[in-house]
Amino acid sequence: MKKYVIILIGAISINGTRSGSEDSSLNVLYLCAPFLLGDYMYDNKYMKMALKEAKKAYLIGEIPVGAVIVYKDKVIAKAYNEKEKYNDVTRHAEITAIRKASKKLNNWRLNDCIMYITLFPCPMCASAINQARISKVVYGTVPNYDDYEKTVDILNNNYYGNPVDIAESLLNEECRQLIQDFFKKMR
């Protein structure tokens, strides 16, 4: 629903006229916008940071995935894929970010943390996210693989951790393009 509100507000502020009673309608929209768009404004800010991390991976020949973990509106961890660099299958951006965040908070329970990742997590990372009790995942794009539903089930599982809220980023096109560019370059 918020995506449609953004489009509506954008259309009104760009195409709207400011005369008479229309002024008061626009003022109400301008006053309400931060409340309606709050999550998207923060999501955009932190997803841009995750994209910056993904670009670091791209530059060293890793699959360009970046992750940022936020706790109480503060970034506590940033990471990117380093699987090839360390010859370690667990060096996905999400796992490395969880390790850094756990160290920062001195706790493996990352309650009330939000993870921003440029690519929807694989089943391994989804399980770690769930078990770390991260409250929300905002992802950039979804890979073309059949494990999507399985991964959603893992994130929603309450057996090992808490179900995770899942949200798509408004920067999904930029995230998708970075992944596509990487694989075109590799061919």
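All figures in this text were calculated on a predicted structure; none of them were measured in a lab.

Basis of the calculations
Residues numbered from 1 in each chain as written. Predicted model: local features only at pLDDT ≥ 70, side-chain atom pairs only at ≥ 80, totals over all residues. Heavy atoms only, no water. Helix = DSSP H or I, 4+ residues; strand = E, 2+ residues; numbered from the N terminus. Areas by Shrake-Rupley, 256 points an atom, 1.4 Å probe, with all protein chains shown as cover. Salt bridge = Lys/Arg side-chain N within 4 Å of Asp/Glu carboxyl O. Buried < 20%, exposed > 50% of the residue type's maximum accessible area, 1.4 Å probe, protein only. Core = buried A, V, L, I, M, F, W, Y, C linked by side-chain atoms within 4.5 Å. Contact = heavy atoms within 4.5 Å.

J.: It is not clear to me how the overall build of the protein should be interpreted in this structure. Could you clarify?
T.: A count of helical and extended segments in the protein gives seven helices and five strands. Order of helices (α) and strands (β) in the protein, N terminus to C terminus: α-α-β-β-α-α-β-α-β-α-β-α. Accessible surface, the protein as shown: approximately 10900 Å² in total, 54% of it carbon and sulfur.

J.: Teacher, can you tell me more about the pattern of salt bridges here?
T.: Opposite charge on two side chains permits pairing when their charged atoms draw close. Counted under the stated rule, the structure contains four salt bridges. Residue arginine 176 pairs with glutamate 173 through a salt bridge whose shortest N-O separation is 2.2 Å. Here arginine 176 and its partner glutamate 173 are both found in helix 7 (residues 172–186), three residues apart, which amounts to about one turn of the helix. Residue classification places arginine 176 among the partly exposed residues on the basis of a relative accessible area of 28%. With a relative accessible area of 40%, glutamate 173 lands in the partly exposed category. Because the salt bridges share partners, they merge into one network encompassing Glu82, Lys85 and Arg91.

J.: Got a minute to help me understand the nonpolar core in this structure?
T.: General note: in soluble globular proteins, nonpolar side chains tend to be found buried as a group. Judged by nonpolar contacts, the single largest core of 26 residues is most densely connected at Ile69, Ala97, Ile98, Leu110, Met115, Ile129 and Ile134. Contributing elements (two or more residues each) for this core: strand 1 (66–71), strand 2 (74–80), helix 4 (93–105), strand 3 (113–119), helix 5 (123–131), strand 4 (136–141) and helix 6 (148–156). Other than its neighbours up to four places away in sequence, isoleucine 69 contacts Lys74, Val75, Ile76, Ala77, Ala97, Ile98, Ala101, Leu110, Cys113, Ile114, Met115 and Ile134. If you look at the next biggest cluster of nonpolar residues, it comprises 13 residues, including Leu51, Val138, Ala167 and Leu178.

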